[in-house]
Amino acid sequence: MVDRPFGQTIQVRNLTKNFGGEDVLSGIDLTFEAGSFTALLGPSGCGKSTALRLISGLEPVSSGQVLIGDTDVTQTAPSARDIAMVFQSYALFPHLNVAENITFGLRVRKTNRSEREDKLRHVADLLGLEKLLDRKPSELSGGQQQRVALGRAIVSGKSIFLMDEPLSNLDAKLRAEMREEIRALQQKLGVTMIYVTHDQVEAVTMADQVVLMNQGRVEQCATPRDLYETPATLFAAKFIGTPPMVTFSTRVLAPDSTSNVTLGLRPEAVQIVSEGPITAMIDHIEYLGADAMLACATANGETVLCRASGSTRMTKGDPVSLSFAPADLHAFAADSGQRLQHIPPEIEAALSFQKPGLQ
Amino acid sequence: MTNSARLQWVYAWLLLSPALVLLVTFTHYPAIKSIIASFYSTARGKRQSVYIGLDNYHTLVADPVFWKVLSNNFWYAVWTIPLSIALSLIMALWVNEKLRGLAFLRMAYFTPTVLPLIAVANIWLFFYTPGFGLIDQIRGLFDLPEQNWMGSPNTALYTMIAVAIWKEAGFFMIFYLAALQTIPPSLRDAAAIEGASKVYFFRRVVFPLLMPTTLFVSINAVINSFRLVDHIFVMTEGGPNNASSLLLFYIYETAFKYWDTAYAATLTTVLLMILTVLAIGQFFFLDKRVHYK
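These numbers come from a predicted model, not from an experiment.

**Student:** An account of the environment of L210 of chain B is requested, with residue identities and associated values reported.
**Tutor:** Residues and elements named next belong to chain B. Checked against the element boundaries, L210 lands in the loop between helix 9 (198–209) and helix 10 (211–227). When its relative accessible area of 0% is taken as the criterion, L210 is described as buried. Residues L210 and Y258, spaced 48 residues apart in sequence, show a C-alpha to C-alpha distance of 46 Å. In contact with L210, not counting residues within four places along its chain, are L89, Y176, A179 and L180.

Quick look at the structure:
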């Protein structure tokens, strides 16, 4: 990585976007550090693409500010914001060949011919496009089109890259390759990258910082590890992870509990033991090869997922006793969905005085 | 040939025959008949029509009215084709924006296409009427004298050109509008990020992407410039002194007013040749510049 990143810091303050009386984004505050890779993650319609378009300037803000470096660019044209953008559909000009597509911006800015040629050659070399320069976009595969779109961003020499679901049109294998390539490219160039995606694998594998969005708000802004290990809300807990965290009421652990708390456990945190705090019956098994996902029905009719080895010979209807490390238990306020710092006392009590001799 | 192959062959011809019968009866046969008729004299009374070789073509070359209508038609095409295409493109670009009352605007521009040209011509008659027509009333506001637009040999042809452009532009606009809507909005975004102005984006992206439509529309415009003559019947009848007469109108007059059918066939043959050359030329000239997806 470059000592001092080439990219600039981006800040958004109280960013709001209103479409026809409805808030698509309601007052988000975020900082994107210079040279960092941030993923905007969330389900479709959560406002992540809108946030990106507001930062790019393609869409005017309803209220709030966008700062790039130390400059307020809220009213600045997209071309004057030092940004390059890669679109989901690649937005290649179908009548221009690869070389013309890559140098489109240089032509707009009237860069002289020799400089244009140099930059084109450099980018083509970087992305392995040398042999494709005369082709039209329709003669390229999806992955090659993706590279051309990247090339257009790189050749612009801008310090901020905005990526709008750039890999969603590629097949799974190519997507995995491009993930690595884009991440490597971002580090090599030292640009600040904001990457919109609905794919948590992309977000978690590529980003320094993940911004999880839901219904126009930021649910959590954290490193991938923190997002997984300490989800700030129920939504974050149930969005991240494949399969995501399983949540259940406190009655699974303390049948008399009436507290307004939702508990959560990741499937891999649950182990089958001879005597554990949860007794259940296997409801169904999803066999995944290396692993098997056991859906266990608890006594009060809720479900807890347990990740077992793929070699397990348990079958539907088998009784099981489940246990977990207390540190792996997450607690959320059932009404607000906010993470609770402490597990309710009656649950702690239930965990320390486990009822013996069931099984 | 096996039985089933023969059956397929019969089916093919049966399926083709309805269109084939109509095309042959009303297009191919008359066209060929016209070409043949142009080498014969017109039958009059007891005189049979006889083969006269190229006599009709000699008459045509020496006919000052033919040259007059041909040059009229040339100027008619020179003005109507580019102007109606340019106007339709400008209207389409405007109507393609997100505007209030857009549906109304689109409909308004398309209305001239829906109206029959005969009716349209009558409306335009009122516009051009000397003294109390719309144009002269507006000129009156600025104390300008009355003007007989359709009655003057200098302006008669241009009154016809104006009607044709007004009639055609809305129709072509629909094709441009449809083409514009297939251009993905992300291209505009990509160009905006690069700092391309609206004019640059139009010149380098939109216009090239519209070329297939432009080709289609221009071929139609060329054909129409020889075909659209209805308003001449209503408005000027080719006058004054053939100043607003066009080739097709002259053919009609020759055939059904003067009943010189052989000479009309000769004129028709010439018209067919002109159209063929233009259509082929357009395809070869423009096809190289057209980007098809």
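Here the narrative resumes, following the displayed structure.
**Student:** Run through the state of the cysteines, naming residues and quoting values.
**Tutor:** Evaluation of the coordinates by the stated rule reveals zero disulfides over all chains. Between C221 of chain A, a cysteine without a disulfide, and C46 of chain A, which holds the nearest cysteine sulfur, the sulfur-to-sulfur distance is 14 Å.

**Student:** Any chance you could break down the packing of aromatic side chains for me, citing the residues and the numbers?
**Tutor:** Residues and elements named next belong to chain B. This structure, assessed with the given rule, holds 22 aromatic pairs over all chains. For the ring pair W79 and Y158, a centre distance of 6.3 Å and an interplane angle of 75° mean the geometry is edge-to-face. Of the two residues, W79 is situated in helix 3 (residues 64–96) and Y158 in helix 7 (residues 156–181); the sequence distance between them amounts to 79 residues. One aromatic cluster in this structure is built from F233, F249, Y252, F256 and W259.

**Student:** Describe the nonpolar core, naming the residues involved and giving the relevant values.
**Tutor:** Counting 63 residues, the largest nonpolar core has L40, F93 and F104 of chain A as the members making the most contacts within it. The next biggest cluster of nonpolar side chains, apart from the first, holds 44 residues, and it includes A84, Y195, A203 and A207 of chain A.

**Student:** A description of the environment of F161 of chain A should follow, citing residues and the corresponding values.
**Tutor:** Residue and element names in this part refer to chain A. With respect to the helices, strands and loops of the structure, F161 is situated in strand 7 (residues 160–164). For the pair F161 and G7, spaced 154 residues apart in sequence, the C-alpha separation works out to 8.8 Å. Excluding its chain neighbours within four sequence positions, the residues that come into contact with F161 are A84, A153, I154, L189, V191, T192, M193 and I194.

**Student:** Can you explain the sheet that holds strand 7 of chain A? Please cite residues and give values.
**Tutor:** All names here are of chain A. The mixed open sheet is built from six strands, whose spatial order is 6-7-8-3-9-10. Each of the sheet's edge strands pairs with one partner strand only, and the pair in question is strand 6 (83–86) and strand 10 (217–222). For this sheet, the mean inter-axis angle between neighbouring strands, taken without regard to orientation, is 15°.

**Student:** Any details on helix 2 (residues 55–62) of chain B? Residues and values, ideally.
**Tutor:** Residues and elements named next belong to chain B. Along helix 2, the residues that are buried comprise N56, Y57 and L60. End-on view of helix 2: buried residues confined to an arc of 95°, all on one side of the axis. For helix 2, exposure combined with an orientation more than 90 degrees from the buried face picks out H58, V61 and A62. Looking at the buried residues of helix 2, the elements they touch are helix 1 (3–37), helix 3 and helix 13 (261–287).

**Student:** Residues and numbers for the interface of chain A and chain B, please.
**Tutor:** Between chain A and chain B, the contact holds 24 residues from the first and 18 residues from the second. At the boundary of chain A with chain B, total buried surface from both sides reaches about 1,700 Å², with 69% on carbon and sulfur atoms. For the pair chain A and chain B, the interface holds two salt bridges. Ionic pairing is found between R109 of chain A and E194 of chain B, a salt bridge with its closest N-O pair at 3.3 Å. If you look at where chain A meets chain B, you find four residue pairs in polar contact (both at pLDDT 80 or more). Going through the elements one at a time, helix 1 (48–56), strand 6 and helix 3 (104–108) of chain A are the ones with two or more residues in the side of chain A that touches chain B.

**Student:** Could you give an account of the environment of Q215 of chain A, naming the residues involved and the relevant values?
**Tutor:** Residue and element names in this part refer to chain A. For Q215, the position within the fold is in the loop between strand 9 (209–214) and strand 10. The spacing of Q215 and V24 is 191 residues in sequence and 7.2 Å in space, taken between C-alpha atoms. Sequence-distant contacts of Q215, that is, excluding residues within four places in its chain, are made with S26 and C46.

**Student:** Go over the side chain of Q200 of chain A with me, naming the residues and quoting the values.
**Tutor:** Residues and elements named next belong to chain A. Mapping Q200 onto the fold places it in helix 7 (residues 200–206). Of the polar contacts made by the side chain of Q200, one reaches the backbone nitrogen of G241; its length is 2.7 Å. With residues up to four places along the chain from it excluded, the contact list for Q200 reads L41, F239, I240, G241 and T242.

**Student:** A description of the pairing of strand 1 (residues 10–19) of chain A should follow, citing residues and the corresponding values.
**Tutor:** Residues and elements named next belong to chain A. Pairing geometry for strand 1 and strand 2 (residues 22–32), over seven bridges, is antiparallel. Pairing of K17 across the sheet is with L25, part of strand 2. Between the end of strand 1 and the start of strand 2, which pair antiparallel, lie two residues, with G20 showing a positive phi angle near 50°.

**Student:** Let's hear about the pattern of salt bridges: which residues, and what values?
**Tutor:** Per the counting criterion, the structure on display carries 14 salt bridges over all chains. Where R147 of chain A meets E181 of chain A, a salt bridge forms, and the shortest distance between an N and an O atom there is 2.8 Å. Residue R147 of chain A is found in helix 5 (residues 142–155), and its partner E181 of chain A is found in helix 6 (residues 172–189); the two are separated by 34 residues along the sequence. Look at R147 of chain A and you get buried, because its relative accessible area is 19%. Overall, E181 of chain A belongs to the partly exposed group, its relative accessible area being 24%. For E253 of chain B, the salt bridge identified is with K257 of chain B, shortest N-O distance 3.7 Å. One connected set of salt bridges, linked through shared partners, spans R53 and E59 of chain A together with D189 of chain B.

Reading guide: rules and limits
- Residues numbered from 1 in each chain as written.
- Chains lettered and ligands numbered in written order.
- Predicted model: local features only at pLDDT ≥ 70, side-chain atom pairs only at ≥ 80, totals over all residues.
- Heavy atoms only, no water.
- Helix = DSSP H or I, 4+ residues; strand = E, 2+ residues; numbered from the N terminus.
- Buried < 20%, exposed > 50% of the residue type's maximum accessible area, 1.4 Å probe, protein only.
- Contact = heavy atoms within 4.5 Å.
- Disulfide = S-S within 2.5 Å.
- Phe/Tyr/Trp six-rings, centres within 6.5 Å; stacked < 30°, edge-to-face > 60°.
- Core = buried A, V, L, I, M, F, W, Y, C linked by side-chain atoms within 4.5 Å.
- Pairing = 2+ DSSP bridges.
- Axes fitted to C-alpha atoms, helices over the stretch in contact; angles between N-to-C directions.
- Arc of directions from axis to C-beta.
- Buried area = accessible area lost by both parts, 1.4 Å probe.
- Salt bridge = Lys/Arg side-chain N within 4 Å of Asp/Glu carboxyl O.
- Polar contact = N/O pair within 3.5 Å; in protein donor to acceptor, adjacent residues only side chain to side chain.

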